[in-house]
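Chain by chain, the residues:
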Amino acid sequence: MAATVSDSEITKSDKYSILLPTYNERENLPIIIWLIIKYLDNSGHDYEVIVIDDGSPDGTLEVAKQLQKIYGSDKIVLRPREKKLGLGTAYIHGIKHATGNFIIIMDADLSHHPKFIPNFIELQKKHDLDVVSGTRYKDGGGVYGWDFKRKLISRGANFITQLLLRPGASDLTGSFRLYKKDILQKLIDSCVSKGYVFQMEMIIRARQLEYTIGEVPITFVDRVYGVSKLGGSEIIQFAKALLYLFATT
C-alpha cells in the first residue's frame, strides 16, 4: 500500500525565503530583521532571510554581519553584490541562493510590516495560489506618511494601469508579495522592465500566463530613516513601460 503524506507534513516541508534587497539601509535593517523574526517565529513557519546588499556605502553590510551573528547564519543569509545593479537582478541573485519553495519579496525600509506575512501564507495555502500580493487600495489597506503629491502619483499610476491593462489586481506598483519559487523564476524570465516598473510587469505577466493571484490588504508606511529612491526618472520610466505593456499584452 502506497504511503500518503498528510496535510500537516506538507505544511512542515514548506520553507519561505524572504528576499531583502538593500542599499543604504543601515538604520532600518536591524528593525526589519527583528520584526521578521518575531512574526515568523510566532507563526511556526520555516524561513530564512536573504539580505542582498548592493555595495551600500553607509555600512549596511557590516550591520547585516552583526545581525547574522545574533540570529544565526541559518536564519540570516548574506549574499551581497559589489554595486547597485537593480531590483530585478537582485531577485534573480536571491533566488539562486534561496532554499525555500516559496519566495517573499519586501522592502527593507520598514514600509512593509512583517506582521502581514502570516496572512500572505494563510491565503496562499487556502487557495493554493501562485502569487499573493499586498494591496494598499482595497479592504482596509492604506498608505501613511506620504504627502499629497506622492499619493497622487501612486493613485494616478495605478488608475491608468488599471484602465489600460486590466490586470486583475488592485495594486500594481507594490513590492510586498509571496510567490511560488518556480512561478517567480518564470515571471522574471518573461519580464523586460527594470527598476520601479518591474513589479507592475510581474503582475501583468502573471495574468497573461494565467497564474492565480490573491491579495492581502496592507498598510504601507513611508520610510522612517533614509531617502526615498523614487524620482522623476522612475516616473518617466514607468510611463514608457506602461505604453510598452499596453502595446504588447
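In every chain, residue numbers begin from 1 and rise along the written sequence. A pLDDT threshold of at least 70 governs which residues receive local features in this predicted model, and a stricter bar of 80 or more applies before side-chain atom pairs are shown or counted, although totals over entire chains, interfaces and linings include all residues. Side-chain numbers come from the whole structure's heavy atoms, not from hydrogens or water.

- The name given to the protein chain in an unreviewed UniProt entry is Dolichol-phosphate mannosyltransferase subunit 1, and the organism recorded there is Danaus chrysippus.

**With respect to the environment of Y23**
Phase 1 of the analysis: You can see Y23 is positioned in the loop between β1 (15–22) and α2 (29–43).
Phase 2 of the analysis: Between buried and exposed lies partly exposed: a residue is buried under 20% and exposed over 50% of the maximum accessible area for its type, with that area taken using a 1.4 Å probe on protein chains only. Accessibility expressed as a relative area gives 24% for Y23, which makes it partly exposed.
Phase 3 of the analysis: In sequence terms Y23 and S56 are 33 residues apart; their C-alpha atoms lie 5.0 Å from each other. Helix and strand definitions here come from DSSP, where helices need a minimum of 4 consecutive H or I residues and strands a minimum of 2 consecutive E residues; each element is numbered from the N-terminal end.

**Focus: the environment of G141**
Phase 1 of the analysis: With respect to the element layout, G141 can be found in the loop between β5 (131–135) and β6 (142–144).
Phase 2 of the analysis: Here G141 falls in the partly exposed class, since its relative accessible area comes to 23%.
Phase 3 of the analysis: Taking the C-alpha atoms as reference points, G141 and V216, 75 residues apart in sequence, are found 8.3 Å from one another.
Phase 4 of the analysis: Not counting the four nearest positions on each side in its chain, G141 is found in contact with T135, R136, P217 and I218. Note on contacts: a residue pair qualifies if any of its non-hydrogen atoms lie within 4.5 Å across the two residues.

**Side note on the packing of α2 against helix α3 (residues 60–71)**
Phase 1 of the analysis: Here, axes are lines fitted to C-alpha atoms. For helices the fit covers the stretch in contact, and angles between N-to-C directions go from 0 to 180 degrees. Running from N to C, α2 and α3 cross one another at 30°; their axes reach a closest spacing of 10 Å. Between α2 and α3, the angle falls in the class roughly parallel. Classified by chirality, the crossing of α3 by α2 is right-handed. From α2, L29, P30, I33, W34 and I37 reach across to α3, where they touch T60, V63, A64, L67 and Y71.
Phase 2 of the analysis: Taken together, the residues of the contact of α2 with α3 break down into 9 nonpolar, 1 polar and no charged. Any angle from 65 to 115 degrees is called roughly perpendicular, while one under 35 is roughly parallel, one over 145 is roughly antiparallel, and all others are oblique. Handedness of each helix crossing follows the sense of rotation of the near helix against the far helix: counterclockwise by less than a right angle gives left-handed, clockwise gives right-handed. Polar here means any residue other than Ala, Val, Leu, Ile, Met, Phe, Trp, Tyr, Cys and Pro, which are nonpolar, and Asp, Glu, Lys and Arg, which are charged; Gly is therefore polar.

**Quick look at helix α4 (residues 87–97)**
Phase 1 of the analysis: The set of residues buried in α4 consists of G88, A90, Y91, H93, G94 and I95.
Phase 2 of the analysis: Structurally, α4 contributes buried residues whose contacts are with β1, β2 (46–53), β4 (102–105), α7 (181–190) and α8 (198–208).

**Topic: the pattern of salt bridges**
Phase 1 of the analysis: Whenever a carboxyl oxygen of Asp or Glu lies within 4 Å of a side-chain nitrogen of Lys or Arg, that contact is scored as a salt bridge. The tally for this structure, following the rule as stated, stands at 8 salt bridges.
Phase 2 of the analysis: Here D14 and K125 are joined by a salt bridge, their closest N and O atoms 2.6 Å apart. One end of the pair, D14, is in the loop between α1 (7–13) and β1; the other, K125, is in helix α5 (residues 117–127), with 111 residues separating them in the sequence.

**Thoughts on the nonpolar core**
Nonpolar side chains in soluble globular proteins tend to end up buried together.
Phase 1 of the analysis: Residue types Ala, Val, Leu, Ile, Met, Phe, Trp, Tyr and Cys, when buried and joined through side-chain atoms within 4.5 Å, form a set referred to as a nonpolar core. L20, I33, I36 and V49 are the most contacted members of the largest nonpolar core, which has 33 residues in total.
Phase 2 of the analysis: For this core, the element with the most residues is α2, which contributes 7 residues.
Phase 3 of the analysis: Once residues within four sequence positions are removed from consideration, L20 is found in contact with L29, I32, I33, I36, V49, I50, V51, I52, M106, D107 and A108.
Phase 4 of the analysis: Listed in part, the 27 residues of the second largest apolar core include A90, I188, M200 and M202.

**Some details on the side chain of S17**
Phase 1 of the analysis: Turning to its location among the elements, S17 is positioned in strand β1.
Phase 2 of the analysis: Think of a polar contact as two N or O atoms within 3.5 Å of one another; within protein, one of them needs to be a possible hydrogen donor and the other a possible acceptor, and neighboring residues in sequence only count if both atoms come from side chains. Engagement of the side chain of S17 in a polar contact is seen with the side chain of E48, the distance being 2.6 Å.
Phase 3 of the analysis: Leave out the neighbours within four places in its chain, and S17 touches E48, I50, A98, T99, G100, F102, I103 and I104.

**Structural notes on the pairing of β2**
Phase 1 of the analysis: The buried fraction of β2 is high, at 7 of 8 residues.
Phase 2 of the analysis: DSSP bridges decide pairing: two strands pair if at least two such bridges lie between them. Sheet topology note: the β1/β2 ladder contains 8 bridges and is parallel. Bridge pairing in β2 links L19 to I50.
Phase 3 of the analysis: As paired elements, β2 and strand β3 (residues 76–78) share 3 bridges and run parallel to each other. Within the sheet, the bridge partner assigned to V51 lies in β3 and is L78.
Phase 4 of the analysis: When the strands point away from the viewer, a crossover counts as right-handed if the route from the first strand across the helix to the second turns clockwise. Traced from β2 through α3 to β3, the parallel crossover comes out right-handed.

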